[in-house]
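# Reading the structure
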Amino acid sequence: FIFPSFTEGYGLPIAEALQYGLRVLASDIPVHREIGGEHCNYFDPHSPEQLATRILEAEREGALTTRGSAAMDERLSRSDRVHRSRAADRAAATA
């Protein structure tokens with residue numbers, strides 16, 4: 001999955017791609033690093049040459065999946081548990 005964005009609000013496409021175990025090449029902007037952490041390969045969004053290099057590296061490695069999928073699953077699972085817990089607390093408070 002390639003995400004060559006100059007600006008992004010949250011980076012949901014990166015989170016989704018990692019959840020599905022896809023290899024992610026993302027432009028090196030703060031929000032992408034926050035969402036993808038060490039599980040993405042980053043490139044300068046102003047450098048088509050660097051993006052081409054990252055694509056060729058991924059192709060050479062034959063890497064269609066990423067080691068990040070398990071870590072992202074855990075991160076999303078934790079977030080889901082927190083949201084469910086808060087929803088349960090709100091439901092209990094109104095009952």
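Residues numbered from 1 in each chain as written. Predicted model: local features only at pLDDT ≥ 70, side-chain atom pairs only at ≥ 80, totals over all residues. Heavy atoms only, no water.

## Let's talk about the overall build of the chain
When its secondary structure is counted, the chain shows four helices and three strands. Moving toward the C terminus, one meets the helices and strands of the chain in the order β-α-β-α-β-α-α. Out of the 95 residues in the chain, the part that is buried amounts to 33%. Considering only residue pairs separated by 6 or more positions, the chain has 46% of its internal contacts joining residues 24 or more positions apart. When the accessible area of the chain is evaluated, it comes to approximately 6,200 Å², of which 55% is carbon and sulfur surface. (Helix = DSSP H or I, 4+ residues; strand = E, 2+ residues; numbered from the N terminus. Buried < 20%, exposed > 50% of the residue type's maximum accessible area, 1.4 Å probe, protein only. Contact = heavy atoms within 4.5 Å. Areas by Shrake-Rupley, 256 points an atom, 1.4 Å probe, with all protein chains shown as cover.)

## Observations regarding a nonpolar patch on the surface
Together, Phe1, Tyr20 and Leu22 make up a nonpolar patch on the protein surface, roughly 340 Å² of accessible area in all. Relative to the elements of secondary structure, phenylalanine 1 occurs in the segment before strand 1 (2-3). Phenylalanine 1 sits in the partly exposed class, given a relative accessible area of 38%. (Patch = residues over 30% accessible without salt bridge, like charges linked within 9 Å, V, L, I, M, F, W, Y side chains within 5 Å. Salt bridge = Lys/Arg side-chain N within 4 Å of Asp/Glu carboxyl O.)

## So, the environment of isoleucine 29
With respect to the secondary-structure elements, isoleucine 29 resides in the loop between strand 2 (25-27) and helix 2 (30-36). C-alpha separation for the pair isoleucine 29 and phenylalanine 43, spaced 14 residues apart in sequence, amounts to 9.0 Å. Among all residues touching isoleucine 29, those that are not within four sequence positions of it are Ser5, Phe6, Thr7, Glu8 and Pro45.

## What about the sheet that holds strand 3 (residues 41-43)?
Spatially, three strands are ordered 1-2-3 in an open sheet, and the strand pairing comes out parallel. Taken across any chain shown, the strands that pair with only one partner, and hence form the sheet edges, are strand 1 and strand 3. Along the sheet, helix 3 (residues 48-61) contacts strand 1, strand 2 and strand 3; its crossing angle with strand 3, the most-contacted strand, is approximately 160 degrees. (Pairing = 2+ DSSP bridges. Axes fitted to C-alpha atoms, helices over the stretch in contact; angles between N-to-C directions.)

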